[in-house]
Amino acid sequence: MPRPDYSLSLLPDFPVAKKQPHALTTHAKTRSDDYYWMRDDERQNAEILAHLAQENAYCDEQLTPIKPLQSTLFEELKGRIVKDDNTVPVKDGQYWYHSEVRGDDEYARHYRSSSMVMADKELLLDVNELADDYEFYELGEVALSPNEQLMAYSEDTDGRRIYTIRFKDLNNNKMLDDVLENTEGQIVWANDNKTVFYVKKDLKTLLGYQVFRHELGSEQHQDVMVYEEHDSSFFMGLGKSRDESLIIIDLASTETNDTWVLDANNPKGEFKALMPREEGHEFDVDKLGDTFYIVTNWQAQNFRLMTATSDTIADKSQWQTHTPHRENVLLEGVELFNDFLVLSEREQGQARFVVVNKNGERMSLEFDDPCYYAAIAMNPEPSVTHARIYYSSLTTPGSLYNVDLTTGEKTLLKQQKVLGDFNPQLYQSERLMVSVRDGIKVPVSLVYRKDSFKQDGSNPLFQYGYGAYGYTIDPSFSSTSLSLLDRGFVYVIAHVRGSEMLGRSWYEHGKKEHKQNSFNDFIDITKALTEQGYADKSKVFASGGSAGGLLMGAVVNQAPELYCGIGCHVPFLDVLTTMLDESIPLTTNEYDEWGNPNDPHFYDIIEAYSPYDNISAQHYPNILVTTGLHDSQVQYWEPMKWVAKMRELKTDSNILVFKTDMDAGHGGASGRFKSLEEKALEMAFFIALS
């Protein structure tokens, strides 16, 4: 059967934005930004909203030929999802908790029961009902009081990640009058079952910077501020120690951590610093019984595990070494149990777990795939002798295992079911090490369908990357990617510098003055894969979002000839202007990642790669750009400006379309099915161009 005609050709009536020069002067250097006017913090400017509407209309018109393909793909993606599904119940306290989705519901229902079989299950929350009145809805945290009679939950209804906290009495299933506005979304109960702590947000910078104590039955304006962070480079979080004896304030900048604690049995007490704040000291601390466990970079670039007591925690020189630093092994975290520790480690880019018993004996948990993702799952009870571990690979659907911590024996509790004709034996994954221009070998994970892969330079290729904040994109299963694989695509994850795939130094060499390494790695991987026959040079596509959108923006400026099509989602593109403006949400937290351009050294570094500042009169690939009007992480005007400037300067007749979800934020559309429409759009765009 001949392939349907999805051919796309540039429509000439694209929106043309007005130019209104705006001078930006720093370090005696002046840039003229003709599209600075597109910024509207209130998101109410009629001219701006009208232009976004024009872009949306043009995008719809331009992509009309692929609407049937998008619809086909959407039905494929939706058709692989089990409509009636549930999580494996997990015991926490007296009850077993789980969630269920049914039919075409976008959201889950949350239940609890007195046994794992959930015979007497009690409905706690129906998120479908909560979301019914909103175009966007995200459930944040759900937190049960220590006596499990009261429930608090947080919700975001506009995508700005500003959460409202509400309370429910589970004895009578009625809502309480207490409502806490403008929060970070985290909720921590004191052990008295009537006091909660939460983080309040600065509504301009969107930083959580104050911790408040709330007593049930009181008004929010009566709440007491118990901590305020004055350094705007820190993110703030709340939690509870593993033994539930401490309420913990976690403060984290890119390169420094700080922790304050309060006795959970004395909610009206004062938070105290656990140890002195020290610039450059990164750590994560937990407590079980009389022992603190500290994953720390103190004299350990790849981190080590130390222990301390209440008397020695404030003095690093008195800490004891549990697991020493290793040059080739990154220690990512530790899960505490009464009789065991489970270390999360990474060596040569591959995650693994090491179980340590009370005698100090160590046992590694092994997996078979050439590349995979694995993580410690929910294990609320430290007294158990089995741990739940989540596992997935590019060819293995998500799987939940129960692991005997004594023997290492793994029992499969549940594996993601993929409807349709999915057969894992039809697909093959590989892990490659690609040499890039400075001689470094960069890990690459890829997967393809065996019967359509030839390695003769005839396959289309889709390459994904991120490469920032030390965040590692592990190779995991995606049922959506099957629609590309079944059409002959090779799917690639480029583990560029900026992640921690190969340890802490891998991250250090992909940020600040080394950021160009991320872009070079991505480009050189593309070149290597085409040279090795993994792809048709004329059918290479790439995609990234947020900081991965920055990656896309830099790559298309520096090597546009390598790519046929690009997906650029909620992209960070106007790096220099944003990092010079401390009024923009989250800017000050980013200085240790990108560098502070108020310093001339970093100004020059950022200016050299900032995608918006480096658009030039050259040919660019076909590009699909998406964003959310209410994005709190990367403001909508960054891609809006970038598209306008690119329309002005690019010299090709390739397609450039820009779609703004007027209801969504940084995470895109909410709901399990609605979000698939965005994935189907990008896939249709790439398939049509291939």
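A few points on the structure. (Residues numbered from 1 in each chain as written. Predicted model: local features only at pLDDT ≥ 70, side-chain atom pairs only at ≥ 80, totals over all residues. Heavy atoms only, no water.)

Some words on the overall build of the chain
Line of reasoning, step 1. Broken down by element type, the chain carries twelve helices and 39 strands.
Line of reasoning, step 2. Relative to its length of 690 residues, the chain is compact, with a C-alpha radius of gyration of 25 Å against a globular reference of 26 Å.
Line of reasoning, step 3. When the backbone C-alpha atoms are referred to their principal axes, the chain occupies close to 65 × 55 × 55 Å.
Line of reasoning, step 4. Going through the 690 residues of the chain one by one, you find that 58% of them count as buried.
Line of reasoning, step 5. Of the contacts formed within the chain by residues at least 6 apart in sequence, a portion of 57% connects residues at least 24 apart.
Line of reasoning, step 6. Per element, the accessible surface of the chain, about 28000 Å² overall, is 46% carbon and sulfur. (Helix = DSSP H or I, 4+ residues; strand = E, 2+ residues; numbered from the N terminus. Rg over C-alpha atoms; globule rule 2.2 N^0.38 Å. Buried < 20%, exposed > 50% of the residue type's maximum accessible area, 1.4 Å probe, protein only. Contact = heavy atoms within 4.5 Å. Areas by Shrake-Rupley, 256 points an atom, 1.4 Å probe, with all protein chains shown as cover.)

Here's the deal with the pairing of strand β32 (residues 427–435)
Line of reasoning, step 1. The sheet contact formed by β32 and strand β33 (residues 441–449) spans nine bridges and is antiparallel. Across the sheet, residue Gln428 finds its bridge partner in β33, namely Tyr448.
Line of reasoning, step 2. Hairpin geometry of β32 and β33 is characterised by an intervening segment of five residues between the two adjacent antiparallel strands and by a positive phi of about 90° at Gly439. (Pairing = 2+ DSSP bridges.)

Considerations on helix α2 (residues 67–79)
Line of reasoning, step 1. Its 13 residues place the ends of α2 18 Å apart at the C-alpha level, agreeing with the 18 Å of an ideal helix rising 1.5 Å per residue.
Line of reasoning, step 2. Among the residues of α2, Leu69, Gln70, Leu73, Phe74, Leu77 and Lys78 are the ones counted as buried. All buried residues of α2 lie within an arc of 165° about the axis, which places them on one face of the element. (Expected span 1.5 Å × (residues − 1). Arc of directions from axis to C-beta.)

Thoughts on the pattern of salt bridges
Line of reasoning, step 1. The full count for this structure, using the stated rule, is 48 salt bridges.
Line of reasoning, step 2. With a shortest N-O distance of 2.8 Å, Lys19 and Glu648 are connected by a salt bridge. One end of the pair, Lys19, is in the segment before β1 (23–26); the other, Glu648, is in helix α11 (residues 637–649), and 629 residues separate them in sequence.
Line of reasoning, step 3. We classify Glu648 as partly exposed; its relative accessible area is 36%.
Line of reasoning, step 4. Lys511 is the partner of Glu255 in a salt bridge, and the nearest nitrogen-oxygen pair spans 2.9 Å. Here Glu255 is found in the loop between β17 (246–252) and β18 (257–263), whereas its partner Lys511 is found in the loop between α5 (504–508) and α6 (516–531), with 256 residues between them in sequence. (Salt bridge = Lys/Arg side-chain N within 4 Å of Asp/Glu carboxyl O.)

Comments concerning the packing of aromatic side chains
Line of reasoning, step 1. Considering all chains together, one arrives at 29 aromatic pairs under this definition.
Line of reasoning, step 2. Pairing Phe367 with Tyr391 gives two aromatic rings, centres 4.6 Å apart and planes at 10°, and the pair type is stacked. With Phe367 in the loop between β27 (362–365) and β28 (372–376) and Tyr391 in strand β29 (residues 386–393), this residue pair connects regions lying 24 residues apart in the sequence.
Line of reasoning, step 3. With 5.8 Å between their ring centres and 85° between their planes, Tyr466 and Tyr471 make a pair best called edge-to-face.
Line of reasoning, step 4. Note on Tyr466: relative accessible area 13%, which makes it buried.
Line of reasoning, step 5. Following the ring pairs from residue to residue traces out a cluster consisting of Phe462, Phe489, Tyr491, Phe541, Phe685 and Phe686.
Line of reasoning, step 6. Between Arg112 and the ring centre of Tyr95, over which it is positioned, the NZ or CZ distance is 3.9 Å. (Phe/Tyr/Trp six-rings, centres within 6.5 Å; stacked < 30°, edge-to-face > 60°. Lys NZ or Arg CZ within 6 Å of the ring centre and 35° of its normal.)

Side note on the layout of surface pockets
Which parts of space are left empty comes out when a probe the size of a water molecule is rolled across the atoms.
Line of reasoning, step 1. Space inside the second largest pocket adds up to approximately 300 Å³.
Line of reasoning, step 2. As for the second largest pocket, its lining consists of 15 residues, of which Asp41, Glu42, Arg43, Arg160 and Leu203 are closest to the centre.
Line of reasoning, step 3. Within the lining of the second largest pocket, the residues separate by chemical class into five nonpolar, three polar and seven charged. (1 Å grid on protein atoms, 1.4 Å probe; cavity = no way out; pocket = protein on both sides within 12 Å on 5 of 7 lines; lining within 4 Å. Points joined across faces, edges and corners; volume = space filled by probe spheres on them. Nonpolar A, V, L, I, M, F, W, Y, C, P; charged D, E, K, R; others polar.)

Some thoughts on helix α1 (residues 46–62)
Line of reasoning, step 1. A rise of 1.5 Å per residue sets the reference length of α1, with its 17 residues, at 24 Å; its end C-alpha atoms lie 24 Å apart and thus fit the reference within 8%.
Line of reasoning, step 2. By the burial criterion, the buried members of α1 are Ile48, His51, Leu52, Glu55, Asn56, Tyr58, Cys59 and Gln62. Summarising the axial view, the buried residues of α1 lie within an arc of 165°, below the 170-degree limit, and thus occupy one face.
Line of reasoning, step 3. Residues of α1 that are buried in the fold lie against α11 and β39 (656–661).

Looking at the sheet that holds β39
Line of reasoning, step 1. The strand order β32-β33-β35-β34-β36-β37-β38-β39 describes an open sheet built from eight strands, whose pairing is mixed. Because the sheet does not close on itself, it has two edges, and the strands there are β32 and β39. Within the sheet, the average angular offset between the axes of one strand and its neighbour, ignoring direction, is 15°.
Line of reasoning, step 2. Strand contacts of α6: β32, β33, β34 (461–464), β35 (490–494) and β36 (540–545), with the helix running at about 155° to β34, the strand carrying the most contacts.
Line of reasoning, step 3. The strands touched by helix α12 (residues 674–689) within the sheet are β34, β36, β37 (565–569), β38 (622–628) and β39, with β37 carrying the most contacts at an inclination of about 165°. (Axes fitted to C-alpha atoms, helices over the stretch in contact; angles between N-to-C directions.)

Brief notes about the environment of Pro89
Line of reasoning, step 1. With respect to the helices and strands, the residue Pro89 is situated in the loop between β3 (85–86) and β4 (90–92).
Line of reasoning, step 2. Look at Pro89 and you get buried, because its relative accessible area is 9%.
Line of reasoning, step 3. Residues Pro89 and Val117, spaced 28 residues apart in sequence, show a C-alpha to C-alpha distance of 8.0 Å.

Quick word on the sheet that holds strand β25 (residues 340–347)
Line of reasoning, step 1. Taken in spatial order, the four strands make up an open sheet running β24-β25-β26-β27, and their pairing is antiparallel. Across the chains shown, the open sheet's two edge strands, defined by having one partner strand only, are β24 (329–336) and β27. For this sheet the average axis-to-axis angle between neighbouring strands, irrespective of direction, equals 25°.
Line of reasoning, step 2. Across eight bridges, β25 lies against strand β26 (residues 350–357) in antiparallel orientation. Considered in β26, the bridge of Ser344 is made with Phe353.

As for the packing of α6 against helix α7 (residues 547–558)
Line of reasoning, step 1. Relative to each other, α6 and α7 sit at 65°, their axes nearing to 10 Å. Considered as vectors, α6 and α7 are oriented roughly perpendicular to each other. Here α6 and α7 pass one another in a crossing that is right-handed. Along the contact surface, α6 presents Gln516, Ser518, Phe519, Asn520, Phe522 and Ile523, while α7 presents Leu550, Leu551, Met552, Ala554, Val555 and Gln558.
Line of reasoning, step 2. In the contact of α6 with α7, the residues fall into eight nonpolar, four polar and no charged. (Parallel < 35°, antiparallel > 145°, perpendicular 65-115°, else oblique. Left-handed = near helix turned anticlockwise from the far one by under 90°.)

What to know about the environment of Ala190
Line of reasoning, step 1. Positionally, Ala190 belongs in the loop between β12 (188–189) and β13 (195–201).
Line of reasoning, step 2. Put simply, Ala190 and Tyr612 are 422 residues apart on the chain and 48 Å apart in space, counted from C-alpha to C-alpha.
Line of reasoning, step 3. Not counting residues within four places of it along the chain, the set of residues in contact with Ala190 comprises Pro146, Thr195, Phe197, Lys240, Ile247, Ala264 and Pro267.

What to know about the side chain of Lys645
Line of reasoning, step 1. By secondary structure assignment, the location of Lys645 is in helix α11.
Line of reasoning, step 2. Buried within the structure, Lys645 lacks any salt-bridge partner; its nearest side chain of opposite charge belongs to Asp613, at an N-O separation of 5.1 Å.
Line of reasoning, step 3. Reaching out from Lys645, the side chain makes a polar contact with the backbone oxygen of Tyr612 at a distance of 2.9 Å.
Line of reasoning, step 4. The contacts of Lys645, once residues within four sequence positions are left out, are Tyr35, Tyr612, Asp613 and Ile615. (Lys, Arg positive; Asp, Glu negative; His and termini not counted. Polar contact = N/O pair within 3.5 Å; in protein donor to acceptor, adjacent residues only side chain to side chain.)

So, the packing of α2 against α12
Line of reasoning, step 1. Remark: α2 packs on α12, axes separated minimally by 8 Å, with the N-to-C direction vectors making an angle of 130°. If you check the angle between α2 and α12, you find them oblique. In terms of crossing hand, the pair formed by α2 and α12 is right-handed. On α12, the residues that touch Leu69, Gln70, Leu73, Phe74, Leu77 and Lys78 of α2 are Leu676, Glu677, Lys679, Ala680, Leu681, Met683, Ala684, Ile687 and Ala688.
Line of reasoning, step 2. Classifying every residue of the contact of α2 with α12 gives eleven nonpolar, one polar and three charged.

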